[in-house]
Amino acid sequence: MKSQTPFKNYQTNLRKAGKILDLTAKEILALETPDRVIKKDLTIKTESGKSKKFTGYRVQFNNARGPYKGGIRFHPDADLDEVKALAAAMAIKCAVVNIPLGGAKGGVQFDPKSASKKDIEKITRAWTHAMAGFIGKDKDIPAPDVYTTPEIMSYVMDEFEKTVGRSEPGVVTGKPLSLGGSEGRGTATAQGGAYVLNELLSVMEIRQKKLRIAVQGFGNAGYNIARILHEAGHKIVAISDSKGGIYDATGFDPQEIFATKKEKGALPSGPELLQSGARVISNEELLVCDCDVLIPSALDNQIRADNAGAIKAKIVLELANGPTTPEADDILAKRGITLVPDVLANAGGVTVSYFEWVQNGMNFYWTEQEVLEKLKPIMQKSFTDVWMLSKTHGITLRDAAFMIGVKRIRDAMQARGRI
Ligand code: GLU
């Protein structure tokens, strides 16, 4: 059920923050208008010899604080409205963690699960070739997002460098280490989320050692947050992927589940694979399952007015972008459920992308420990700023995060004389 489009959700969040900040109508309009929307027809010759057409997007939302930054999504739902909402969220996110970058997002609307590896490479190269005049290390820097990987970022770098005729590793982040990627980038979204969750638990004075965690989504963010929190001693009671989930009150070992998924292509489901007491659940059931912390780590529009009332978790940590609608936000807030918004909770990914871009620029690379030592204080300070502001104004963490992000972008636009 799509109550509002993702971009309308962004506008609702923006206007709420704008009201508290006393923004003018002109300022609001400037913050809901993308700088540039690029739409290109991409034609590839598939492995089967047929010619196939796709639509490639890049929405460059705002660059007042620095070059445009944000991932590329390959997904059947990645239409212009969604890409625009995700681009806006990137601008807010970079401002919340105060890294000197703007916001953008790219997308190709297709199902990568039904395309061959070679065809995905061709689509990536076609997208990059079409966008080569718009991206670059000082212009706009793509990165991975849903169903795009470090391998795909290698093709972006290679195709871009071939097109422009020079080496420029900083044109894209989330690359493999062999091509100038950063240590820690692969697990950064989850690691950043874990740092934020720890801060939240400490200010909420939750000292419980074994929290029951439910994770929706088993991609890069979902798998890694489950692994990190399991290693920290918490109980991962529910896990799901796009096909469905599994629940076990005694807890799963995410690494075992990962191994099964890798081997069989699906989460364990047969009785022989499930530990005693475990059961198969749907993605809908996962959201309302018995747990302390719910971590949506897949797609947008999951927690809505029709299911927010049934959520049992006390904390929601948004590792996905846009998983909660504004109506659901209100319901959760009224029910006393603390939600850490995407623009803060999943900002570890773009923060380490920023580190990768910095390292590419100076051609000098940090160890994983150095990366983590830089990531942790950024996430902790960002959390504290958002938390304190939410307490001062008696508002949700999303509204507080938006206030911080929106104000920083507005100030940068104002300083440039754009508004
Ligand atoms: N796709 C990630 C996000 O939504 C990372 C973006 C980046 O590293 O630029 O935050």
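Residues numbered from 1 in each chain as written. Predicted model: local features only at pLDDT ≥ 70, side-chain atom pairs only at ≥ 80, totals over all residues. Heavy atoms only, no water.

## With respect to the overall build of the chain
The secondary structure content of the chain amounts to 14 helices and 13 strands. Relative to the globule expectation of 22 Å for 419 residues, the C-alpha radius of gyration of the chain, 21 Å, shows essentially globular dimensions. Taking the principal axes of the C-alpha coordinates as reference, the chain spans close to 60 × 55 × 45 Å. The buried share among the 419 residues of the chain stands at 58%. Considering only residue pairs separated by 6 or more positions, the chain has 67% of its internal contacts joining residues 24 or more positions apart. For the chain, the accessible area works out to roughly 17,000 Å², and carbon and sulfur atoms hold 52% of it. Distance from the positive charge centre (57 side chains) to the negative charge centre (49 side chains) of the chain: 3 Å. (Helix = DSSP H or I, 4+ residues; strand = E, 2+ residues; numbered from the N terminus. Rg over C-alpha atoms; globule rule 2.2 N^0.38 Å. Buried < 20%, exposed > 50% of the residue type's maximum accessible area, 1.4 Å probe, protein only. Contact = heavy atoms within 4.5 Å. Areas by Shrake-Rupley, 256 points an atom, 1.4 Å probe, with all protein chains shown as cover. Lys, Arg positive; Asp, Glu negative; His and termini not counted. Charge placed at Lys NZ, Arg CZ, Asp CG, Glu CD.)

## Structural notes on the sheet that holds strand E2 (residues 51–62)
Spatial ordering of the open sheet is given by E1-E2-E5-E4, a layout of four strands whose pairing is mixed. Edge positions in the sheet fall to strand E1 (36–45) and strand E4 (72–74), since each of these pairs with one other strand and no more. When strand polarity is set aside, the average angle formed by the axes of neighbouring strands in this sheet is 20 degrees. Relative to strand E5 (residues 103–108), E4 runs parallel, the two being bridged by three bridges. Residue Arg73 lies in a different strand from E5, and its bridge partner there is Gly107. Sheet contacts for helix H4 (residues 117–131): E1, E2, E4 and E5; angle to E1, the most-contacted strand, approximately 140 degrees. (Pairing = 2+ DSSP bridges. Axes fitted to C-alpha atoms, helices over the stretch in contact; angles between N-to-C directions.)

## Focus on the site of the ligand
Among the 14 residues in the neighbourhood of the ligand, the closest are listed as Lys69, Lys93, Pro144, Asp145 and Ser353. In the model, an oxygen atom of the ligand is placed 3.0 Å from a nitrogen or oxygen of the Arg185 side chain. Alone, the ligand offers 290 Å² of accessible surface; in the complex the protein occludes 95% of this. Those elements that place two or more of their residues in the shell around the ligand are helix H3 (80–96) and helix H12 (348–362). The element contributing the most residues to the shell around the ligand is H12, with three residues. Of the residues in the shell around the ligand, the class split is four nonpolar, five polar and five charged. (Near = heavy atom within 4 Å. Polar contact = N/O pair within 3.5 Å; in protein donor to acceptor, adjacent residues only side chain to side chain. Nonpolar A, V, L, I, M, F, W, Y, C, P; charged D, E, K, R; others polar.)

## Brief notes about the pattern of salt bridges
Close approach of charged atoms lets side chains of opposite charge pair. One pass over the structure, following the stated rule, counts 30 salt bridges. Notably, a salt bridge pairs Glu168 with Arg166, separated by 2.7 Å at the nearest N-O pair. The exposure class of Glu168 is buried, given its relative accessible area of 6%. By relative accessible area, Arg166 is classed as partly exposed at 45%. Among the charged side chains, a salt-bridge network with shared partners connects Lys118, Glu121, Arg125, Asp158, Glu159 and Lys162. (Salt bridge = Lys/Arg side-chain N within 4 Å of Asp/Glu carboxyl O.)

## Topic: the packing of H12 against helix H13 (residues 368–393)
Closest axis-to-axis distance for the H12/H13 pair is 10 Å, and the angle between their directions is 135 degrees. The pairing of H12 with H13 is recorded here as oblique in orientation. Viewed along their axes, H12 and H13 form a crossing whose handedness is right-handed. Across the interface between the two elements, Gly348, Thr351, Val352, Phe355 and Gln359 of H12 pack against Val371, Lys374, Leu375, Ile378 and Met379 of H13. Residues of the contact of H12 with H13, tallied by class, amount to six nonpolar, three polar and one charged. (Parallel < 35°, antiparallel > 145°, perpendicular 65-115°, else oblique. Left-handed = near helix turned anticlockwise from the far one by under 90°.)

## Regarding the sheet that holds strand E7 (residues 212–216)
The sheet built from seven strands is open, its strands ordered E10-E9-E8-E7-E11-E12-E13 with mixed pairing. This sheet does not close on itself; its edge strands, each paired only once, are strand E10 (279–281) and strand E13 (338–340). If you compare each strand with its neighbour and ignore which way they point, the axes differ by 20 degrees on average. Pairing between strand E9 (residues 244–252) and E10: three bridges, direction antiparallel. From the neighbouring strand, Ile246 faces E10, where its bridge partner is Val280. Sheet strands in contact with helix H7 (residues 220–231) are E7, strand E8 (235–241), E9, strand E11 (293–296) and strand E12 (315–317), and its direction is about 165 degrees off that of E7. Contacts between helix H8 (residues 254–264) and the sheet are confined to E8 and E9, with E8 contributing the most and set at about 25 degrees to the helix.

## What about the environment of Ala401?
Tracing the sequence through the fold places Ala401 in helix H14 (residues 397–415). Between the C-alpha atoms of Ala401 and Lys235, which are 166 residues apart in sequence, the distance is 29 Å. If we ignore the near neighbours within four places in the chain, the residues touching Ala401 are Val96, Pro341, Val343 and Val386.

## Quick word on the nonpolar core
Inside soluble globular proteins, nonpolar side chains tend to come together where they are buried. Residues Tyr10, Ile225 and Ile295 are the most contacted members of the largest nonpolar core, which totals 87 residues. With 11 residues, the top contributor of residues to this core is H3. Look past the residues within four positions of Ile225 in its chain and what remains in contact with it is Ala190, Gly193, Ala194, Val215, Ile295, Ser297, Leu317 and Leu319. Ranked by size, the runner-up nonpolar core spans 22 residues in total, among them Ile44, Phe54, Phe110 and Trp127. (Core = buried A, V, L, I, M, F, W, Y, C linked by side-chain atoms within 4.5 Å.)

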